[in-house]
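One letter stands for each residue in the lines below.
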Amino acid sequence: MTSVAERDGKAGRMTRPAPLGRRRDLDWIGIPLIAAAGLAAYWLLPEDLALLTRIAASALFVLSLDLVLGYGGIATLGQAAMFGTGAYAAGILAVNWNNDPFAMLAVGGLAGGLLALVTGALILHARGLTLLMLTIAVGQIVQEVANKARDWTGGSDGLSGIDPAPVLGMFRFDMFGHTSYLFALAVLVVGLVVARRIVRSPFGLACRGVSEDPLRISAIGGSPKSYLVVLYAVAGVIAGVAGALTAVTSGIVGLDSTGFSWSAEALVMLVLGGTGRLYGAVIGTAAFMGVHHILAANDPYHWMAFIGLFLIGIVLFLPGGIVSGVERLGGLRRGKEGGA
Amino acid sequence: MTALLEVEGLSKNFGGLQVASDISMTLSAGDRCALIGPNGAGKTTFVNLVTGVIPPSAGTIRLDGRDVTRLSAAERVRLGLIRSFQVARLFKSMTVREHLELAVLQRDRRTFRLFANVARVAGLADEVAELLGSMGLTPVAHTAVGSLAYGQQRLLEIALALAMKPKVLILDEPAAGVPHSESQRILDAIDRLPKDLAVLMIEHDMDLVFRFASSIIVLAQGRLLCSGTAKQIAADPRVREVYLGSRTNAH
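Because the structure is predicted, anything quoted here is derived from the model rather than measured.

### With respect to the interface of chain A and chain B
Reasoning step 1: With 41 residues of chain A in contact, the opposing surface of chain B contributes 43 residues.
Reasoning step 2: It is P202, R216 and I220 of chain A that lose the most area in chain A upon contact with chain B, and together they represent 18% of the buried surface on that side.
Reasoning step 3: Taken together, chain A and chain B are joined by three salt bridges.
Reasoning step 4: At the junction of chain A with chain B, the criterion picks out 16 residue pairs in polar contact (both at pLDDT 80 or more).
Reasoning step 5: Of all the secondary-structure elements, those providing two or more residues to the side of chain A that touches chain B are α1 (4-11), α8 (178-199), α9 (202-212), α10 (214-219) and α11 (224-250) of chain A.
Reasoning step 6: When residues of the side of chain A that touches chain B are assigned to their parent elements, the largest contribution, seven residues, is made by α9 of chain A.
Reasoning step 7: When the residues that make up the side of chain A that touches chain B are grouped by side-chain class, the tally is 19 nonpolar, 11 polar and 11 charged.

### Here we look at the packing of aromatic side chains
Reasoning step 1: Under the criterion given, the structure shown has 11 aromatic pairs over all chains.
Reasoning step 2: Aromatic pair F173 of chain A and F183 of chain A: ring centres 5.9 Å apart, planes at 90°, arrangement edge-to-face. Highlighted residues: F173 of chain A in the loop between α7 (150-153) and α8 and F183 of chain A in helix α8, separated in sequence by 10 residues. With respect to class, F173 of chain A is no different from F183 of chain A; both count as buried.
Reasoning step 3: Directly above the aromatic system of F85 of chain B lies the positively charged group of R89 of chain B, at a separation of 5.8 Å from the ring centroid.

### Observations regarding the confidence of the model for chain A
Residue and element names in this part refer to chain A.
Reasoning step 1: Per-chain confidence: chain A averages 85 in pLDDT, with 89% of residues scoring 70 or above.
Reasoning step 2: Confidence drops under pLDDT 50 across residues 1-25; counting only partners more than four residues distant or on other chains, this segment forms 47 contacts.
Reasoning step 3: When the criterion is pLDDT under 50, residues 333-340 qualifies, and its contacts beyond four places in sequence or with other chains add up to 16 contacts.

Basis of the calculations
Residues numbered from 1 in each chain as written. Chains lettered and ligands numbered in written order. Predicted model: local features only at pLDDT ≥ 70, side-chain atom pairs only at ≥ 80, totals over all residues. Heavy atoms only, no water. Contact = heavy atoms within 4.5 Å. Buried area = accessible area lost by both parts, 1.4 Å probe. Salt bridge = Lys/Arg side-chain N within 4 Å of Asp/Glu carboxyl O. Polar contact = N/O pair within 3.5 Å; in protein donor to acceptor, adjacent residues only side chain to side chain. Helix = DSSP H or I, 4+ residues; strand = E, 2+ residues; numbered from the N terminus. Nonpolar A, V, L, I, M, F, W, Y, C, P; charged D, E, K, R; others polar. Phe/Tyr/Trp six-rings, centres within 6.5 Å; stacked < 30°, edge-to-face > 60°. Buried < 20%, exposed > 50% of the residue type's maximum accessible area, 1.4 Å probe, protein only. Lys NZ or Arg CZ within 6 Å of the ring centre and 35° of its normal. pLDDT = per-residue confidence, 0-100.

What follows is the structure, given as structure tokens:
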């Protein structure tokens, strides 16, 4: 029980209207802004289309992690299991049966979603560190299966020879990466639109509730676990599509696409950009991979140290990620500080 | 009148510790019943047993004629057995409005709509507006709950319970911790609860108990000490015996 003094303290706190209307405005322009920035990068950085393509596909993956972690509060270091499964499923489809890029995305999403649904139903009763361990374990199992199934996946050599058909039968995947990049950017934008819809749906609202206080959700008659399993599966679909997108645009799938370090790297990018904000996933991925690229090109010996300093700086000075800094600059969110 | 909540021989022991023994009670539609007792009498344990937070060692609980003893807390909620919490237990980062939207959507089982827009769910905005109005929460509808005054949080707790269209409502010390300047609003809200609702209120404050309750149940040391109308209880010497002294501690 809280003491009377504490309660009075709470009661005496000023009430402040949440700047919801203005936040919604920011939300609305976010996706067109990202699409415009993506197109601008296409014109401004024609030499770096391969990197930009990787950023777009990775951003979609980090977005799936944001749904799981930022909106569901699910601690995971195994999101790459869904990414890699989607990538392998798309690659195997393309090599053996059908190399239509949309079919590859569909199969990749399906595979990622199914894996997430099954493993989610098995592990999501756990919370916190236990859950973290279980997600890592799932990732390891998937990687080991991919490693052992050499005939299908190419094992440690990777799955190569993926040659996707032209998009809609019209746009060939050229060697300069124009089609790849625009295709990846389009898929990312669609992914953002879908994620944004889900976040603002009744389901998204319930998931936010679960991440804050699962027992309170039970007290209004909901089942926290079923929300989390569905959310995990939906995010699995998006991660699977992101994996398939990588297979389509790079033509190769390696074992590291299911690996622990890819999951961890996605987490770093998400925290960098800001969790629970959708756009944070895109901005964090672009910032991390962009800085990574520039540093690695300029100083091949010490770039890891600079990446480390960059991350420490962001975490120290912008604990809510880059997006929170942008919001603070614009005064668009007058402070989470009173809400905590 | 049919009984909405029937509790029979409810008991709970943790190892050798008997925290509830052989408690029976009945609530009918329209009842206003207060559950009182000194600190440690087992009031909160009783509420947790009835709402399904902890399983009983013995006894049965029937809700609207249906045996719910083995059902989970969430299943009982779906059947209309709703509680509010003693210390406001809310989602700190959500706004007042979002709380009520969530409760109404959950009640109607519309929370698995992945691609609907909360703002456009049919009938939702009107119902939420009505709930906000009835508790005087309209001005703070868009405020994050973490920055609400405590009294308003308690009002939201009650609004949240009502949003679920309860048959039986259990209020756990609804005015506890609220400064006197704000408590009147809560008392008014309790007075205006729907008449056909069966309400059980756990309360320390005797003024509030006598103002609210038509019947009173007294618990002491995990047992039902006595029950009756407010007048009978006020005159009962056993109640005075267990209550005097411990009541002064509570405040």
